[in-house]
Amino acid sequence: MTIQTGRYASSGHMTPRDVIDHLLVVEALTPYVRGESQTQPEPPAELSEAMKGKYTEWLAMAQIVRNGTVPAGLANDPALLIMLSELLFAKGDLKGLAAFVDAAPAGEASVFTATDFAARIDRHCASYLSHPAEAVLLVSLRCGPPCGDLPRL
């Protein structure tokens, strides 16, 4: 099974396990990029073997974000665009996030990334980009019988 979420649309199709791995890595690295922890965290035990192999790259990007020196040229790589954007958002560096995403070349990856983070930032404010019961409507539009008794629109 593969899914394409708004959050990771710029990286192509990801499995649910890939999404979980990203969430686990960002959660583990958040105290480090914020400066709340002085040591780089060990990879979470729950990570898949594939993500454990990529964890050193995540650590290297976390070090860059922690130091506040994110080179704009890294936005040219869609995988690094996602990785660094996640870490900048986790750090709470919204100005840095905006500048980094703005430095990305025009294209699908930058549009999806900008849209995703605009929606996430908006959800912390007035939620102008979403509406009440949005999640229920999205599930009912996309799901068939395995979703239970949710009405289809």
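Worth saying up front: this structure is predicted, and the values here are computed from it rather than measured.

Draft legend 1. Layout of the side chain of R120. Here R120 lies in helix α5 (residues 108–123). Looking at R120, its side chain comes within polar contact range of the side chain of E86, at 2.8 Å.

Draft legend 2. Quick peek at the packing of helix α1 (residues 16–33) against helix α3 (residues 78–91). Orientation of α1 relative to α3, taken along the N-to-C sense of each, is 55 degrees, at an axis distance of 9 Å. Classified by the angle their axes make, α1 and α3 are oblique. The element α1 and its partner α3 pack so that their crossing is right-handed. Counting all contacts with α1, which are made through V26, L29, T30 and V33, the residues of α3 involved are E86, L87, A90 and K91. Split by residue class, the contact of α1 with α3 holds 5 nonpolar, 1 polar and 2 charged.

Draft legend 3. Local environment of the nonpolar core. Ranked by size, the top nonpolar core spans 28 residues in total, and within it V25, L29, W58 and L87 carry the most contacts. Among the secondary structure elements, those contributing two or more residues to this core are α1, α2 (49–67), α3, α4 (94–103) and α5. What V25 contacts, discounting residues up to four positions off in sequence, is L47, M51, Y55 and W58.

Draft legend 4. View of the environment of D21. Within the fold, D21 resides in helix α1. Residues D21 and M51 lie 30 residues apart in sequence; the distance between their C-alpha atoms is 6.6 Å. A polar atom in the side chain of D21 sits 2.4 Å from the side chain of S48.

Draft legend 5. Layout of the packing of α3 against α5. Two elements in contact, α3 and α5, have axes whose closest approach is 10 Å; the angle formed by their N-to-C orientations is 15 degrees. Comparing the axis directions of α3 and α5 gives the class roughly parallel. Note on packing geometry: the crossing formed by α3 with α5 is right-handed. For the pair formed by α3 and α5, the contact residues are P78, L81, S85, E86 and F89 on the first element and A109, S110, T113, F117, R120 and I121 on the second. Among the residues making up the contact of α3 with α5, the classes are represented as 6 nonpolar, 3 polar and 2 charged.

Draft legend 6. Looking closely at the environment of V70. Note on placement: V70 falls in the loop between α2 and α3. The sequence separation of V70 and L84 amounts to 14 residues, and the corresponding C-alpha distance is 8.2 Å. If we ignore the near neighbours within four places in the chain, the residues touching V70 are I64, V65, L84, L88 and F100.

Draft legend 7. Representation of α1 within the structure. With 18 residues, α1 should cover 26 Å at 1.5 Å per step; its first-to-last C-alpha distance of 25 Å lies within 8% of that length. At E27, α1 shows its largest kink, close to 25 degrees, and the proline P31 lies no more than four residues downstream. Along α1, the residues classified as buried are V19, D21, H22, L24, V25, V26, L29, T30, Y32 and V33. Buried residues along α1 sit against α2 and α3. Just past α1, the residue G35 takes up positive phi, approximately 80 degrees.

Draft legend 8. Quick look at α4. Turning to α4, its buried residues are L97, F100 and V101. The buried residues of α4 occupy one face: seen down the axis, they fall within an arc of 95 degrees. Summarising the geometry of α4, the exposed residues directed more than 90 degrees from the buried face are K95 and D102. In the core, the buried residues of α4 are packed alongside α3 and α5.

Calculation notes
Residues numbered from 1 in each chain as written. Predicted model: local features only at pLDDT ≥ 70, side-chain atom pairs only at ≥ 80, totals over all residues. Heavy atoms only, no water. Helix = DSSP H or I, 4+ residues; strand = E, 2+ residues; numbered from the N terminus. Polar contact = N/O pair within 3.5 Å; in protein donor to acceptor, adjacent residues only side chain to side chain. Axes fitted to C-alpha atoms, helices over the stretch in contact; angles between N-to-C directions. Parallel < 35°, antiparallel > 145°, perpendicular 65-115°, else oblique. Left-handed = near helix turned anticlockwise from the far one by under 90°. Contact = heavy atoms within 4.5 Å. Nonpolar A, V, L, I, M, F, W, Y, C, P; charged D, E, K, R; others polar. Core = buried A, V, L, I, M, F, W, Y, C linked by side-chain atoms within 4.5 Å. Buried < 20%, exposed > 50% of the residue type's maximum accessible area, 1.4 Å probe, protein only. Expected span 1.5 Å × (residues − 1). Bend = angle between axes of the 7 residues up to and from the residue. Arc of directions from axis to C-beta.

Worth remembering: the numbers are spatial, not functional.
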